[in-house]
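Summary of the model geometry
Chain by chain, the residues:
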Amino acid sequence: MKIRIKLLSFLLSLSILSAAQNVFAVGLTTEKKVEELLQKMTLEEKIGQMYQSRDGGQDSILKLVQKGNVGSFLGITDIILRNKLQKIAVEKSRLGIPLIFGFDTIHGYKTVFPIPLGQAASWNPKLAEKVAAVSAKESRSDGIDWVFAPMVDIARDARWGRIAEGFGEDTYLASLMAQAKVRGLQGYGDGLFGPDKVAACLKHYAGYGAAEGGRDYNTCEISQRTLREIYLPPFQAGVQAGAATIMSGFNEISGVPVTASRFLLTDILRGEWGFDGFVVSDYTSVRELIPHGIAIDETQAGKKALLAGIDMEMSSRCYLNNLSRLVRQDKISEKVIDQAVRRILRIKFDIGLFDNPYADPNKPSSVLLHKDHLELAREMARQSVVLLKNTNGILPVSKDIKSIALIGPLADSREDMMGTWKGVGDAEDVVTILEGIQDKASAECKINYVKGCDVKGDLIDGFAQAVEAAKKSDVVIMAVGESEKMSGEAHSRASLDLPGVQRELIEEVQKTGKPIVVLLLTGRPLAITWIDKNIPTILLGWHPGTQGGNGIADVIFGDYNPSGKITATFPRNVGQVPIYYNCKNTGRPPSESEYHTSRYIDSHWTPLYPFGYGLSYTTFHYSNLKVSPDKISMEQPVTISVDVKNAGKRAGEEIVQLYVRDVVGSVTRPVKELKGFEKILLKHGEKKTVSFTLTAEQLKFYNIDNQFVAESGMFKVMVGKNSVDCLESEFELTK
Ligand code: GLC
């Protein structure tokens, strides 16, 4: 939307309206149409636009729609019901204002892609954008105009179930992913949405991932500086990409529930960022201001949320039941209502709902699960896979292999492959790990599949059969991890261990002495320290989506050389959490030799696998790090280059990462921050020079006076294959 304002002013400055620019005429007409419509609306009809219902079928709701008291529905994936509701709104209500239909297309609609934490591991925003475009196309074809995605909450705590839904712990990467997803969903922000596009929704604004104890919906204590440097930038990036809507979170930040935070919803979002889309509350989060303890009843809750900047209330009816009375009692101005309604109507016009309010029931069959979408899902599944360990080179498995034991509760599970928030994905459309391997292995290969145990529970009566399968096979692949119900909303865990008796199953199978690959399928980082210590090969597949079995089989058999890198730190144990790479040094940084330093007496302080970590079937050597010039002014760029060689026998992709450390600041600074990355493909033996350019702009932070500035001084530069294994150099930034 912001882009429209800029383009509009540009156009006005030209003071000409050529035919080629009639798209802005539409823009100007939209504003005019919004105003004209607003003038005709009664107060109740205005407030109706600010209500999103979750109930589609009840007669009572149909009456509300006919009275113009509902502006939107969420979760209506029955296109016939959707059109029925729309017909009442458009043809039976007084002003015929169309409804807007929202849905949680988080990582796919019918074609389900890997969970976002897996997609982030591809470090491929362009591919993520294509995934979003397909998700939008499938959603729109089925009558969904607005999706509650991308979720851009930064998460530093793997206990939090919703870490699965976001892009991990790094702000820079999450910001790039946020922009990619918005563009994939909406297009490139010319103010109008094409027929295969939907309105995006950045969520959950803001700081939701900082829930204490990793316990969903829990209190968040976030300093102003951390809020602005870590949690807000992905939202700002999404706004800059033109996001049409934003969803407020359930959480509070330091005493203020974000759904009632004028500072966040108006001062920052509108005042600083110029966001002019609309804000929807999360599900009943307006009414939840009462249990939060800042509202005595639904009237006060509605008033506080409205005055803070919530334009549309999801599910609860604090607005619907109380705002008109508050206006009539002069306790709130109708102007505030008008402002919210303008924002909502504008998006409805931009999506084209006034011109074409109905969805074509014949369209989904030619769009959903299109073969191109499935191929893209397989590609994203491939690029999401992270090779965590491969000491004996067991992977890739030869296609001539004569027998494989496939063991574990996730080996042939359909539902779990889709992960949390699976849209309208059907388990029957999923390719399981077993099916992917069966499809890829040669006809002569004997695949001995045994479930072995459940994901949870303590039944071990499948162990013996698993051991037998292992004994008669050349290689063992153990598909273990979490079920799709163990991550996502309201699914926080106090433990990061493999659930149930899965580890015991691995231990039993390991006694056979057979080469073992542990394939980890999970919605979050897990503390797999024992596996790392005892198992030679570990592959991380996340919850890989509809084509997960094929994508992972492509990696197992070497048709794709794994390139993924984790974007959320894997701890050694849950006691280390929250743990993240861009931490502070402290006055007593952990040291092997110094006792009185920031460390544990019962665990090493470093993570099991650091941010940015992931291996390949080949090896990459870094050399010749150059920083030029080694002294720059605030206006000058510095160029950082490094040579990367593929020293192995096969082609592979490497994600070259650039980190920077501001050695001394007016406030403490992280020991490193990701400032750039490039994913390159190298043939075996090939060498490339990868270059990055940095300016003072990218070195800015909130200083001791909370000003967003770059400060002169020394900066360390680290370039490497992950956040730990880097070549180092430095440069000086002068005044
Ligand atoms: C939820 C979630 C939010 C989702 C909304 C609608 O409770 O927090 O992410 O978009 O409800 O389903």
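Residues numbered from 1 in each chain as written. Predicted model: local features only at pLDDT ≥ 70, side-chain atom pairs only at ≥ 80, totals over all residues. Heavy atoms only, no water.

Brief notes about the overall build of the chain
Our working rule: Numbering goes from the N terminus for both helices and strands, where a helix is a DSSP run of H or I of at least four residues and a strand is a run of E of at least two. Only protein chains enter the area calculation, which uses a 1.4 Å probe; residues under 20% of their type maximum are buried, those over 50% are exposed, and those in between are partly exposed. Residues are treated as being in contact if the distance between any of their heavy atoms lies within 4.5 Å. Computed by Shrake-Rupley with a 1.4 Å probe, the accessible areas treat only the displayed protein chains as cover when residues are assessed. Charged-residue counts in this description rest on Lys and Arg as positive and Asp and Glu as negative, His and the chain ends being excluded. One atom stands in for each charge, and that atom is NZ of Lys, CZ of Arg, CG of Asp or CD of Glu.
Helix and strand counts for the chain stand at 23 helices and 26 strands. With the C-alpha coordinates aligned to their principal axes, the bounding extent of the chain is approximately 75 × 65 × 55 Å. Residue burial in the chain is summarised as follows: out of 735 residues, 61% are buried. Taking all contacts inside the chain whose residues are at least 6 apart in sequence as the whole, residues at least 24 apart take part in 76%. Summed over all atoms, the accessible surface of the chain reaches about 27100 Å², with 51% contributed by carbon and sulfur. Across the chain, 88 positive and 88 negative side-chain charges occur, with their mean positions spaced 2 Å apart.

Some points on the sheet that holds strand E4 (residues 146–147)
Quick reminder of the rule: One bridge is not enough; two strands pair if DSSP finds at least two bridges between them.
In spatial order, the strands read E4-E3-E2-E1-E10; together these 5 strands make up an open sheet with parallel pairing. Since the sheet does not close on itself, it has two edges, and those belong to E4 and strand E10 (313–314), each with one partner.

Concerning the environment of Asp 330
By the secondary structure assignment, Asp 330 is in the loop between helix H14 (318–328) and helix H15 (334–351). Placed 246 residues apart in sequence, Asp 330 and Gln 576 show a C-alpha to C-alpha distance of 53 Å.

Structural notes on the pairing of strand E5 (residues 201–205)
E5 sits mainly inside the fold: 5 of its 5 residues count as buried. Strand direction decides the pairing type here: E5 and strand E6 (residues 245–248), joined by 3 bridges, are parallel. From the neighbouring strand, Leu 202 faces E6, where its bridge partner is Ile 246.

Side note on the site of the ligand
What counts is decided by this rule: In these notes, residues near a molecule or strand are those with any non-hydrogen atom within 4 Å of it. Counting of polar contacts relies on pairs of N or O atoms within 3.5 Å, with two restrictions inside protein: one atom must be capable of donating a hydrogen and the other of accepting it, and residues adjacent in sequence are counted only when both atoms are side-chain atoms. Ten residue types, Ala, Val, Leu, Ile, Met, Phe, Trp, Tyr, Cys and Pro, are classed as nonpolar, four, Asp, Glu, Lys and Arg, as charged, and the remainder, Gly among them, as polar.
Taken together, 13 residues are adjacent to the ligand, and Asp 104, Arg 162, Lys 203, His 204 and Asp 282 come closest. Between an oxygen atom of the ligand and a side-chain N or O atom of Lys 203, the distance comes to 2.8 Å. One of the side-chain N or O atoms of Asp 282 is found 2.6 Å from an oxygen atom in the ligand. Protein contact buries 93% of the 310 Å² of open area that the ligand shows by itself. Residue classes in the shell around the ligand are distributed as 7 nonpolar, 1 polar and 5 charged.

Describing the sheet that holds E6
Rule in force here: A fitted line through C-alpha atoms serves as each axis, taken over the contacting stretch for helices, and the angle formed by two N-to-C directions is quoted from 0 to 180°.
Taken in spatial order, the 3 strands of this open sheet run E5-E6-E9, and their pairing is parallel. Two strands lie at the open edges of the sheet, namely E5 and strand E9 (278–280), each paired on one side alone. In this sheet, adjacent strand axes meet at a mean angle of 25° when their direction is disregarded.

Side note on the packing of helix H7 (residues 125–141) against helix H8 (residues 171–186)
Basically, it comes down to this: If you view the pair so one helix is near and one far, a crossing is left-handed when the near helix is turned anticlockwise from the far one by less than a right angle, and right-handed when it is turned clockwise.
Between H7 and H8, whose axes approach to 7 Å, the crossing angle comes to 35°. For the element pair H7 and H8, the recorded crossing hand is right-handed. Side by side, H7 and H8 meet where Pro 125, Ala 128, Glu 129, Val 131, Ala 132, Ala 133 and Ala 136 of the first sit next to Leu 176, Met 177, Ala 180, Lys 181, Arg 183, Gly 184 and Leu 185 of the second. The class makeup of the residues in the contact of H7 with H8 is 10 nonpolar, 1 polar and 3 charged.

Things to note about helix H10 (residues 233–240)
Within H10 the residues assigned to the buried category are Pro 234, Phe 235, Ala 237, Gly 238 and Val 239. The inward-facing, buried residues of H10 contact H8, E5, helix H9 (224–231), E6 and helix H11 (262–272). Just beyond H10, the residue with positive phi is Gly 242, at close to 100°.

Observations concerning the nonpolar core
Let me state the cut-off plainly: Residues enter a nonpolar core if they are buried and are Ala, Val, Leu, Ile, Met, Phe, Trp, Tyr or Cys, with the set joined through side-chain atoms within 4.5 Å.
Core analysis: the biggest nonpolar cluster contains 112 residues, and Met 50, Phe 73, Trp 146, Tyr 205, Leu 264, Leu 323 and Ile 337 have the highest contact counts within it. Examining the composition of this core, we find that 8 residues originate from one element, H15, more than from any other. Other than its neighbours up to four places away in sequence, Ile 337 contacts Leu 43, Lys 46, Ile 47, Met 50, Leu 306, Leu 323, Val 327 and Ile 332. Counting 51 residues, the second-largest nonpolar core is a separate cluster that includes Ile 115, Val 476, Val 518 and Trp 530.

Looking at the side chain of Ser 175
Within the secondary structure layout, Ser 175 lies in helix H8. Those residues in contact with Ser 175, other than ones at most four positions away along the chain, are Pro 233, Pro 234 and Ala 237.

Notes on the environment of Tyr 580
Assignment of secondary structure puts Tyr 580 in the loop between helix H23 (548–556) and strand E17 (620–628). Considering only alpha carbons, one finds Tyr 580 and Pro 607, 27 residues apart in sequence, at a separation of 8.5 Å. Contact partners of Tyr 580, with chain neighbours within four places excluded, come to Arg 156, Glu 169 and Thr 569.

Topic: a nonpolar patch on the surface
To keep it simple, the criterion reads: The patches described consist of residues with a relative accessible area above 30% and no salt bridge, like charges being joined within 9 Å and nonpolar side chains (Val, Leu, Ile, Met, Phe, Trp, Tyr) within 5 Å. We define a salt bridge as a contact between a side-chain nitrogen of Lys or Arg and a carboxyl oxygen of Asp or Glu at a distance within 4 Å.
Taken together, the side chains of Val 663, Val 664 and Met 714 make up a nonpolar region of the molecular surface, amounting to roughly 240 Å² of accessible area. The exposure class assigned to Val 663 is partly exposed, which follows from its relative accessible area of 39%.

Considering the packing of H9 against H11
Our working definition: Small angles under 35 degrees read as roughly parallel and large ones over 145 as roughly antiparallel, with 65 to 115 read as roughly perpendicular and the rest as oblique.
Look at H9 against H11: their axes get within 14 Å of each other, and the N-to-C directions meet at 55°. The angle between H9 and H11 places the two elements in the oblique class. Read as a crossing pair, H9 and H11 show a hand that is right-handed. On H11, the residues touching Gln 224, Leu 227 and Arg 228 of H9 are Phe 263, Leu 264, Ile 268 and Glu 272. Residues that form the contact of H9 with H11 fall into these classes: 4 nonpolar, 1 polar and 2 charged.

Brief notes about the packing of aromatic side chains
Rules: Two aromatic rings, drawn from Phe, Tyr or Trp (for Trp, its six-membered ring), form a pair once their centres lie within 6.5 Å of each other, and the interplanar angle then sorts them: stacked below 30 degrees, edge-to-face above 60, tilted otherwise. Whether a charge sits over a ring comes down to the Lys NZ or Arg CZ being within 6 Å of the ring centre and within 35 degrees of the ring normal.
Enumeration according to the criterion identifies 20 aromatic pairs in this entry. Taking the centre distance of 5.5 Å and the plane angle of 70° together, the rings of Tyr 581 and Tyr 659 count as edge-to-face. Residue Tyr 581 is located in the loop between H23 and E17, and its partner Tyr 659 is located in strand E20 (residues 652–662); the two are separated by 78 residues in the primary sequence. Assessed through its relative accessible area of 7%, Tyr 581 is described here as buried. Look at Tyr 659 and you get buried, because its relative accessible area is 0%. Taken together, the aromatic side chains of Trp 123, Tyr 172, Tyr 581, Phe 611, Tyr 659 and Phe 677 make up a single cluster linked through ring pairs. Across from the ring centre of Trp 421, 5.4 Å away, lies the NZ or CZ of Lys 203, which sits over that ring. The positively charged end of Arg 669 is found above the aromatic ring belonging to Phe 701, 3.8 Å away from the centroid.

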